[in-house]
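Notes for the structure review
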Amino acid sequence: MKKTNWFKNAIIYQIYPRSFQDSNGDGMGDIRGIINRLDYLKDLGINCVWLSPVYSSPQEDNGYDISDYKDIYPPFGTLKDFKEMVDEMHKRGIRLIMDLVVNHTSSEHRWFKEARKSVDNPYHDYYIWKKGKKNGKLPTNWMGFFGENTWEYVPECDEYYLHLFAKGQPDLNWENPKVQEEVKSILKFWLDMGVDGFRCDVINLISKDPNIRDGHEFLLKGSKQFVNGPRLHEFLHMLNKEVLSKYDCMTVGETVFTTLEDAKLLTSPEREELDMIFNFDHTNTDNYLGIKWLMRKFKLVNLKKAFDKWQLGNTTGWNSLFIENHDQRRSVGRFNTSETTYRKESAKLLATMYFFQKGTPFIYEGQEIGMTNAHFTSLSQYQDTETHSIYKTLKKMHLPKSYIAKTIPNGSRDNARTPMQWDNTEFAGFSNVKPWLEINKNKDSINVKESIEDKNSILNYYKKMIEIYKDEKELVDASYKDLLPKHKYLYVYERETNDNIYLCINNFSTRFIKYHIDENYNAKKTLLLGNYSLIEEQKQASTIVLQPFETRLYKIKK
Ligand code: ISL
């Protein structure tokens with residue numbers, strides 16, 4: 001199969017199905033709801049959707065715990081609905097990539113239910129088991145991603161199973177060739193149904209060091225044994241060769257604690273593993289050690305350093321570009337921007353800042369209307385399993401109450417998961433009953449309906465930005481250069497092709513700041529996009545005065 005590398009021209013919109021659109025009045029989003037909103041997505045201009053998991057699942061981790069890989073979670077719909085959704089997307093020129101969660105299954109998966117019956121069960125070896133230590137202690141001191149220990153005891157087997165996430169998410173044993181065959185069969189099943197690729201959940205955790213022992217890392221103990229394990233590249237190459245290469249599909253790996261060197265190995269085309277990965281260096285600029293609960297004061301120079309590193313350093317692979325997803329807090333108000341007075345300016349600034357870098361841009365649902373964090377005031381409002389586990393862990397660590405009271409609302413994944421705000425009706429046009437997670441109180445002022453009507457809305461800015469992005473086809477291969485890496489408030493970068501230079505100027509502050517545009521550019525520049533209305537003189541000046549959170553994108557003919 002000849003690969004067309006369409007992913008390089010994709011603009012990908014992530015749907016978190018629970019929170020997107022409820023069509024049957026159960027307070028939870030569903031596939032029919034997505035179908036009903038496809039014209040909205042087409043109008044926005046995106047050409048691909050990444051759909052967070054819709055498979056059968058007990059929903060301990062909102063679908064990232066799968067109990068049947070070849071069926072749909074009934075409240076979301078049926079396989080028939082799914083097929084209809086794929087067809088309706090394709091009719092509109094929208095591709096679909098699914099979430100592939102194969103580091104672990106749900107403990108409700110048939111394989112695991114069998115596996116836990118006895119050590120002799122044919123499915124036992126589908127998972128990773130270990131005896132406890134002699135003194136009745138857990139097999140190792142590892143810490144999982146949700147802040148808990150990683151082992152759960154099963155009396156029938158007198159062994160513990162490994163779970164790097166919640167208890168209900170046992171890790172699969174990829175050393176077992178049968179597991180590898182199952183995964184290939186899952187991939188084929190969905191590709192044959194017409195899906196165009198996969199976002200591969202925590203894919204760099206699938207291979208573990210077979211000699212499982214205590215870890216000595218500072219916080220995420222054991223991580224050296226489960227991040228980028230010894231057979232990772234072999235497994236990915238196998239999936240690529242045997243399945244993925246036979247379809248014109250794409251893959252993006254979610255990879256945690258990944259270096260540039262790892263990324264090159266994972267995404268260099270000749271190695272035939274993944275097409276691109278998500279790295280989290282930029283979203284980790286406001287925390288310590290890549291752990292979002294350890295808050296750190298944000299500095300713009302660090303954000304630029306993170307972007308520069310990947311833009312300049314990922315010479316063989318392809319970058320993904322994002323500022324939000326279902327695990328991150330909302331971007332408006334983050335990275336020194338404003339969630340209040342300058343919310344609109346900030347959202348447009350952030351959009352322009354990341355969209356015109358080199359790579360494939362992803363937009364997370366609601367980002368295009370500038371949805372904000374949830375601002376819940378009590379723990380009981382949070383539904384996310386991670387939030388509750390981390391809360392317990394932080395309490396056990398005896399961190400000051402005041403710190404916990406800050407870091408939970410800051411880091412909770414529910415910030416991004418509040419239902420999509422379609423209009424200002426009681427349930428925001430998301431549902432006609434009380435939804436599974438509270439709707440943000442600001443739905444009256446922040447919603448799609450209002451955004452369509454307001455010509456200066458963030459939504460209309462995104463539409464225009466996407467049109468420009470599509471028109472400027474040569475941007476795909478343009479080079480990248482950060483013009484002011486050390487500046488405290490400005491992020492100015494340039495993308496250059498044979499004929500043009502694209503200059504992206506961003507003011508990450510409330511100050512008015514002068515910026516001198518290279519004199520050679522003066523006669524030939526066109527302002528393609530900006531978040532303030534400017535008169536011709538302001539657009540053409542060589543010394544421009546940037547207003548609070550102002551962004552401008554110029555095209556300069558060489
Ligand atoms: O949320 C996180 C930090 O922002 C991470 O620790 C996150 O759990 C990690 O990036 C892995 O995420 C993925 O796998 C998890 C699932 O809960 C997340 O929603 C998913 O994106 C387990 O499947």
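Look a little higher up for the structure.
This structure is a prediction, so every number in the text was calculated from the model and none was measured.

1. As for the overall build of the chain
- Looking only at helices and strands, the chain features 15 helices and 22 strands.
- Over its C-alpha atoms the chain spans a radius of gyration of 24 Å, differing by no more than 12% from the 24 Å that the globule rule assigns to 558 residues.
- Counting only C-alpha atoms, the chain reaches 80 × 50 × 50 Å along its principal axes.
- Counted over contacts in the chain with a minimum sequence separation of 6, partners at least 24 positions apart contribute 70%.
- On the chain, roughly 22200 Å² of surface is accessible, and the fraction owed to carbon and sulfur atoms is 51%.
- Distance between charge centres in the chain, computed from 79 positive and 77 negative side chains, equals 5 Å.

2. A few points about the sheet that holds strand S8 (residues 159–162)
- Pairing is antiparallel across the open sheet formed by three strands, whose spatial order is S6-S8-S7. Bordering the open sheet on either side are strand S6 (129–130) and strand S7 (151–154), each of which pairs with just one other strand.
- Bridge analysis of S6 against S8 gives two bridges, and the strand direction is antiparallel. From the neighbouring strand, Lys130 faces S8, where its bridge partner is Tyr160.

3. Observations concerning the site of the ligand
- Within the structure, the ligand sits among 18 residues, and Asp61, Asp201, His326, Asp327 and Arg413 are positioned closest to it.
- Within the contact set of the ligand, an oxygen atom lies 2.9 Å away from a side-chain nitrogen or oxygen of His326.
- Broken down by class, the residue content of the shell around the ligand amounts to five nonpolar, four polar and nine charged.

4. Overview of the packing of helix H8 (residues 260–267) against helix H9 (residues 300–313)
- Close contact between H8 and H9 brings their axes to 11 Å; oriented N to C, the two are set at 40 degrees. In terms of orientation, H8 lies oblique with respect to H9. For the element pair H8 and H9, the recorded crossing hand is right-handed. Across from Leu260, Ala263 and Lys264 in H8, the residues of H9 making contact are Lys309, Trp310 and Gly313.
- Taken together, the residues of the contact of H8 with H9 sort by class into three nonpolar, one polar and two charged.

5. Points about H9
- Spanning 14 residues, H9 covers 19 Å between terminal C-alpha atoms, matching the ideal 20 Å at 1.5 Å per step.
- Where H9 is buried, its residues contact H8, strand S11 (276–278), strand S14 (318–321), helix H10 (343–355), strand S16 (479–482) and strand S17 (490–496).

6. Points about a nonpolar patch on the surface
- Taken together, the side chains of Phe218, Tyr288 and Leu289 present a nonpolar region at the surface, about 380 Å² in accessible area.
- On the secondary structure map, Leu289 appears in the loop between strand S12 (287–288) and strand S13 (291–295).
- Given the relative accessible area of 53%, Leu289 is considered exposed.

7. Focus on helix H5 (residues 177–192)
- Its 16 residues place the ends of H5 22 Å apart at the C-alpha level, agreeing with the 22 Å of an ideal helix rising 1.5 Å per residue.
- Burial in H5 covers these residues: Val179, Gln180, Val183, Lys184, Ile186, Leu187, Trp190 and Leu191. Each buried residue of H5 sits inside an arc of 155 degrees when the element is viewed along its axis, so together they form one side. Of the residues in H5, the exposed ones pointing more than 90 degrees away from the buried face are Pro177 and Asp192.
- For H5, the N-terminal capping position is held by Asn176, with its side-chain oxygen 2.9 Å away from the main-chain nitrogen of Lys178.

8. Details of the environment of Thr78
- By secondary structure assignment, the location of Thr78 is in the loop between strand S4 (68–72) and helix H3 (79–91).
- Overall, Thr78 belongs to the partly exposed group, its relative accessible area being 39%.
- In sequence terms Thr78 and Ser56 are 22 residues apart; their C-alpha atoms lie 9.9 Å from each other.

9. Thoughts on the packing of aromatic side chains
- In this structure the tally under the stated criterion is 37 aromatic pairs.
- Ring geometry for Phe20 against Trp422: centres 5.2 Å apart, planes inclined by 75 degrees, an arrangement best described as edge-to-face. With Phe20 in the loop between strand S1 (12–15) and helix H1 (31–36) and Trp422 in the loop between helix H12 (401–411) and helix H13 (448–453), this pair connects stretches of sequence that are 402 residues apart. Across the pair, Trp422 and Phe20 agree in class, each one buried.
- For the ring pair Tyr40 and Trp422, a centre distance of 5.0 Å and an interplane angle of 80 degrees mean the geometry is edge-to-face. Here Tyr40, found in helix H2 (residues 38–44), pairs with Trp422, found in the loop between H12 and H13; they are 382 residues apart in sequence, far enough to count as distant.

10. A look at the pattern of salt bridges
- This structure, assessed with the given rule, holds 40 salt bridges.
- Of the charged contacts, one joins Arg231 and Glu175 as a salt bridge, the two residues approaching to 2.7 Å between their closest N and O atoms. With Arg231 in the loop between helix H6 (223–226) and helix H7 (232–242) and Glu175 in the loop between S8 and H5, the pair connects residues that are 56 residues apart, well separated along the chain.
- Judged by its relative accessible area of 24%, Arg231 is partly exposed.
- Overall, the relative accessible area of 33% leaves Glu175 in the partly exposed class.
- Measuring nitrogen to oxygen at the nearest pair gives 3.9 Å for the salt bridge that ties Glu261 to Lys264. Of this pair, Glu261 and Lys264 both sit in helix H8, three residues apart, roughly one helical turn.
- Each of Asp61, Lys292, Asp327, Asp384, Glu386, Arg413 and Arg417 takes part in salt bridges that share partners, so that together they form one network.

11. A short note on the pairing of strand S21 (residues 543–546)
- Covered by surrounding structure in S21 are Ile544 and Leu546 only, the residues Thr543 and Val545 on the alternate face being uncovered.
- With four bridges connecting them, strand S19 (residues 513–516) and S21 associate as antiparallel partners. Among the inter-strand pairings, Lys514 is bridged to a residue of S21, identified as Val545.

12. Some points on the nonpolar core
- One finds Tyr13, Leu41, Ile46, Phe82, Trp190, Phe198 and Phe356 to be the most contacted residues of the largest nonpolar core, which totals 144 residues.
- When residues in this core are grouped by element, the largest group, eight residues, is from helix H14 (residues 458–471).
- When residues of this core are assigned to domains, at least three fall in each of domain 1 (6–107 + 171–465) and domain 2 (476–557).
- Each residue touching Trp190, except ones within four places of it in the same chain, is listed here: Tyr55, Tyr69, Lys70, Asp71, Ile72, Leu79, Phe82, Met98, Val195 and Phe198.
- Counting 17 residues, the second-largest nonpolar core is a separate cluster that includes Phe145, Phe165, Ile212 and Leu220.

The rules behind each value
- Residues numbered from 1 in each chain as written.
- Predicted model: local features only at pLDDT ≥ 70, side-chain atom pairs only at ≥ 80, totals over all residues.
- Heavy atoms only, no water.
- Helix = DSSP H or I, 4+ residues; strand = E, 2+ residues; numbered from the N terminus.
- Rg over C-alpha atoms; globule rule 2.2 N^0.38 Å.
- Contact = heavy atoms within 4.5 Å.
- Areas by Shrake-Rupley, 256 points an atom, 1.4 Å probe, with all protein chains shown as cover.
- Lys, Arg positive; Asp, Glu negative; His and termini not counted.
- Charge placed at Lys NZ, Arg CZ, Asp CG, Glu CD.
- Pairing = 2+ DSSP bridges.
- Near = heavy atom within 4 Å.
- Polar contact = N/O pair within 3.5 Å; in protein donor to acceptor, adjacent residues only side chain to side chain.
- Nonpolar A, V, L, I, M, F, W, Y, C, P; charged D, E, K, R; others polar.
- Axes fitted to C-alpha atoms, helices over the stretch in contact; angles between N-to-C directions.
- Parallel < 35°, antiparallel > 145°, perpendicular 65-115°, else oblique.
- Left-handed = near helix turned anticlockwise from the far one by under 90°.
- Expected span 1.5 Å × (residues − 1).
- Patch = residues over 30% accessible without salt bridge, like charges linked within 9 Å, V, L, I, M, F, W, Y side chains within 5 Å.
- Salt bridge = Lys/Arg side-chain N within 4 Å of Asp/Glu carboxyl O.
- Buried < 20%, exposed > 50% of the residue type's maximum accessible area, 1.4 Å probe, protein only.
- Arc of directions from axis to C-beta.
- Phe/Tyr/Trp six-rings, centres within 6.5 Å; stacked < 30°, edge-to-face > 60°.
- Core = buried A, V, L, I, M, F, W, Y, C linked by side-chain atoms within 4.5 Å.
- Domains from an automatic or database assignment.

Purely spatial values, then, with no claim about function.
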